[in-house]
Amino acid sequence: MFPYREALVTGASRGLGRAFAEALQGEGVTVWGTSRNGARLPDGVRPIALDLGDPASIAACITRLGADAPEIDLLVNNAGSGAFHPFAQFPDASLAAQWQTLLAAPVTLCRAFFPHFVARRHGAIVNVTSLAGRFPVPCMSAYSAAKAAMSAFSTALMLEAAGTGVTIIDFQPGDFATGFNNTMEKCPSPDPATARVWARCEKHLIHGPPPDAAARSLLCVLRRRRSQTIVIGGFWQAILGPLLSRIAPQQLILRYLRTYYDL
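Keep in mind it's a predicted model, so treat the numbers as computed, not measured. (Residues numbered from 1 in each chain as written. Predicted model: local features only at pLDDT ≥ 70, side-chain atom pairs only at ≥ 80, totals over all residues. Heavy atoms only, no water.)

J.: Would you explain empty space enclosed by the protein in this entry?
T.: Once rolled over the atoms, a probe with the size of a water molecule shows which space is left empty. Counted under the stated rule, the structure contains 1 cavity of 30 Å³ or more. What the largest cavity holds in volume is close to 90 Å³. Lining the largest cavity are 13 residues, with Asn77, Asn78, Ala79, Leu102 and Pro106 positioned closest to its centre. When residues of the lining of the largest cavity are assigned to their parent elements, the largest contribution, 4 residues, is made by helix H3 (residues 92–120). (1 Å grid on protein atoms, 1.4 Å probe; cavity = no way out; pocket = protein on both sides within 12 Å on 5 of 7 lines; lining within 4 Å. Points joined across faces, edges and corners; volume = space filled by probe spheres on them. Helix = DSSP H or I, 4+ residues; strand = E, 2+ residues; numbered from the N terminus.)

J.: Hey, could you run me through the pattern of salt bridges in this one?
T.: Close approach of charged atoms allows side chains of opposite charge to pair. Under the criterion given, the structure shown has 4 salt bridges. Ionic pairing is found between Glu27 and Arg223, a salt bridge with its closest N-O pair at 2.7 Å. In this pair, Glu27 is assigned in the loop between helix H1 (15–26) and strand E2 (30–33) and Arg223 in helix H6 (residues 211–224), connecting sequence segments 196 residues apart. Note on Glu27: relative accessible area 27%, which makes it partly exposed. On the basis of relative accessible area, Arg223 is assigned to the partly exposed category, the value being 42%. The shortest N-O distance in the salt bridge between Arg64 and Asp68 comes to 3.1 Å. Of the two residues, Arg64 and Asp68 both sit in helix H2 (residues 55–68), 4 residues apart, roughly one turn of that helix. Taking the relative accessible area as the measure of exposure, Asp68 reaches 45% and is therefore partly exposed. (Salt bridge = Lys/Arg side-chain N within 4 Å of Asp/Glu carboxyl O. Buried < 20%, exposed > 50% of the residue type's maximum accessible area, 1.4 Å probe, protein only.)

J.: Would you mind showing me how to read the nonpolar core here?
T.: Inside soluble globular proteins, nonpolar side chains tend to come together where they are buried. In this structure, Phe20, Leu24, Leu74, Val76, Val126, Phe171 and Leu222 are the most contacted members of the largest nonpolar core, which totals 32 residues. Counting residues per element, the ones that place at least two in this core are strand E1 (6–9), H1, strand E4 (74–77), strand E6 (123–128), strand E7 (166–173), H6 and strand E9 (228–232). For Val76, the contacting residues outside a window of four places in its chain are Leu8, Val9, Thr10, Phe20, Leu24, Val126 and Val128. (Core = buried A, V, L, I, M, F, W, Y, C linked by side-chain atoms within 4.5 Å. Contact = heavy atoms within 4.5 Å.)

J.: Teacher, can you tell me more about the sheet that holds E6 here?
T.: Each strand in a sheet pairs with its neighbour through backbone hydrogen bonds, running either in the same direction (parallel) or in the opposite one (antiparallel). Pairing within the open sheet is parallel, and its 7 strands lie in the order E3-E2-E1-E4-E6-E7-E9. Either end of the sheet is taken by a strand with one partner, and the two such strands are strand E3 (46–47) and E9. In this sheet, E6 lies alongside E4 in parallel orientation, the contact comprising 4 bridges. Bridging from a neighbouring strand, Asn77 pairs with Asn127 of E6. Sitting on the sheet, helix H4 (residues 141–161) touches E6, E7 and E9, and the angle it makes with E7 is about 155°. (Pairing = 2+ DSSP bridges. Axes fitted to C-alpha atoms, helices over the stretch in contact; angles between N-to-C directions.)

J.: Is there a simple way to think about H6 in this case?
T.: Residues separated by three or four positions in an α-helix point in the same direction, a consequence of the helix having 3.6 residues per turn. Look at H6: 21 Å from first C-alpha to last across 14 residues, which is about the 20 Å you get at 1.5 Å a residue. All of the buried residues along H6 are Pro211, Ala213, Ala214, Ala215, Leu218, Leu219, Val221 and Leu222. Those residues of H6 hidden inside the fold are in contact with H1, E4, E6, E7 and E9. (Expected span 1.5 Å × (residues − 1).)

J.: What am I meant to see in the pairing of E1 here?
T.: Residues in a regular strand project their side chains so that they alternate between the two faces of the sheet. What you see with E1 is no split at all: Glu6 and Leu8 on one side and Ala7 and Val9 on the other are buried throughout. When E1 meets E2, the two strands line up parallel, connected through 4 bridges. Among the inter-strand pairings, Val9 is bridged to a residue of E2, identified as Gly33. Handedness of the β-α-β unit built from E1, H1 and E2 comes out right-handed. Across 3 bridges, the pairing between E1 and E4 is parallel. When the bridges of E4 are listed, Val9 appears paired with Val76. (Right-handed = clockwise from strand over helix to strand, strands pointing away.)

J.: Before we go on, may I ask you to explain the environment of Gly38 in this structure?
T.: Among the secondary structure elements, Gly38 is positioned in the loop between E2 and E3. By relative accessible area, Gly38 is classed as partly exposed at 38%.

J.: Whenever I open this one, the packing of aromatic side chains confuses me. Can you help?
T.: Any two aromatic rings considered together are summarised by their centre-to-centre distance and by the angle between their planes. Here the structure, examined in full by the defined rule, presents 7 aromatic pairs. Measuring from ring centre to ring centre gives 5.1 Å for Tyr260 and Tyr261, while their planes differ by 80°; the resulting arrangement is edge-to-face. For Tyr260, a relative accessible area of 17% corresponds to the buried category. Taking relative accessible area as the criterion, Tyr261 reaches 8% and is therefore assigned buried. Each member of the aromatic cluster is reached from another via a ring pair, and the members are Tyr256, Tyr260 and Tyr261. (Phe/Tyr/Trp six-rings, centres within 6.5 Å; stacked < 30°, edge-to-face > 60°.)

In structure tokens form, the structure reads like this:
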């Protein structure tokens with residue numbers, strides 16, 4: 001029997017979030033899902049309004065779930081967005097939006113649910129971070145930094161959750177074949193080096209594993225009911241990359257990344 005019965009999945013209408021929501025439904029879990037367009041949510045997912053960029057919307061979502069879904073025992077912080085700009089031209093508003101959407105908002109949701117899970121001695125929080133937190137992506141400095149910070153936050157929460165019955169998962173995907181790049185904010189007139197980086201990002205995403213593979217991995221991890229960090233994706237990203245980060249000197253890693261992004 002699957003250990004969780006009711007979940008909130010942010011960004012549940014497409015990509016990894018949709019795959020997570022559908023996989024959880026397949027295990028009999030009642031899923032509440034957020035999306036900019038509720039009509040795009042999978043059948044059977046209960047829609048709830050949430051704008052991660054608006055603290056008032058986050059507070060309203062938490063209040064409604066407290067009234068309508070007090071038995072939620074699984075939070076999947078999946079929703080996010082990307083901004084692709086050389087740092088020297090990174091718009092101030094875009095920089096602030098990345099911090100809010102990718103770090104402040106999911107931490108606020110953790111803060112809302114974690115104490116209730118601890119009080120019940122049951123529950124799980126999945127923070128979908130990114131392999132970009134380990135291997136930062138050029139022209140996505142804010143995204144990489146926010147994901148690294150969210151990963152560190154998750155590890156700290158694992159330590160605090162020890163012995164409480166609450167599971168914390170730092171879920172670090174590499175590139176998966178989703179439409180993430182299609183909705184990313186992009187620099188309007190890239191120079192040749194920036195254009196090459198974008199072309200590599202597009203190639204890696206297109207040739208990544210399907211979202212369903214990530215969802216299957218998530219179900220396996222949740223069944224273990226053990227706090228951990230998990231890296232998933234293709235061989236080069238999920239296996240070779242983490243191995244390189246453990247054994248290689250930084251200069252070799254930087255050289256690898258320059259080659260990887262054609263710089």
